[in-house]
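Okay, here's what each chain looks like letter by letter:
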Amino acid sequence: MKFLLAAESGLDENLNGILAKLNELMDSFWVYIVLALAAVVVVWGAYIGIKIAIAHRNEEKINARDMVKNLIIGIVIIFVVAMGAPLLIKGLSAWVG
């Protein structure tokens, strides 16, 4: 029984260490992650804008509008993931700790 308690205690310590490292990693790279996501959105938005500007046929315009809808959906998903990941890590560390 003592062995199981010792193993459980060691597991909790290891998990707390991992969560502390994850929090430290997220804090140190958060700005770079946001900048990278913003750069992707800007480049993809420019690409879609060019596609809309050079679209001559109705079929191309419809495809370009679909791309705009997909871009907006992608931005929402990126925002949810970018805001949810740190909250999930902090919630997990509070739950374990």
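Residues numbered from 1 in each chain as written. Predicted model: local features only at pLDDT ≥ 70, side-chain atom pairs only at ≥ 80, totals over all residues. Heavy atoms only, no water.

(A) Quick look at the overall build of the protein. Of the regular secondary structure elements, the protein holds 2 helices and 0 strands. Counting the 97 residues in the protein, one finds 12% classified as buried. If you sum the accessible surface of the protein, you get close to 7700 Å²; carbon and sulfur atoms cover 73% of it. (Helix = DSSP H or I, 4+ residues; strand = E, 2+ residues; numbered from the N terminus. Buried < 20%, exposed > 50% of the residue type's maximum accessible area, 1.4 Å probe, protein only. Areas by Shrake-Rupley, 256 points an atom, 1.4 Å probe, with all protein chains shown as cover.)

(B) Structural detail: a nonpolar patch on the surface. Together, Leu15, Ile18, Leu22, Leu25, Phe29, Val31, Tyr32, Ile33 and Leu35 give the surface a local cluster of nonpolar side chains, amounting to about 830 Å² of exposed area. Mapped onto the elements, Leu15 comes out in helix 1 (residues 2-54). (Patch = residues over 30% accessible without salt bridge, like charges linked within 9 Å, V, L, I, M, F, W, Y side chains within 5 Å. Salt bridge = Lys/Arg side-chain N within 4 Å of Asp/Glu carboxyl O.)

(C) The environment of Asn16, seen in detail. Along the chain, the position of Asn16 falls in helix 1. The exposure class of Asn16 is partly exposed, given its relative accessible area of 34%.

(D) Just the pattern of salt bridges, in detail. Scanning the entire structure with this criterion turns up 1 salt bridge. A salt bridge links Asp66 to Lys69; the shortest N-O distance between them is 3.5 Å. Taken together, the positions of Asp66 and Lys69, both in helix 2 (residues 58-96) and 3 residues apart, correspond to about one turn of that helix.

(E) Geometry of the packing of aromatic side chains. Summed over the entire model, instances satisfying the criterion amount to 1 aromatic pair. Where Trp44 meets Tyr47, the ring centres are 5.0 Å apart and the plane angle is 35°; that geometry is what we call tilted. With Trp44 and Tyr47 both in helix 1 and 3 residues apart, this pair spans about one turn of that helix. When its relative accessible area of 37% is taken as the criterion, Tyr47 is described as partly exposed. (Phe/Tyr/Trp six-rings, centres within 6.5 Å; stacked < 30°, edge-to-face > 60°.)

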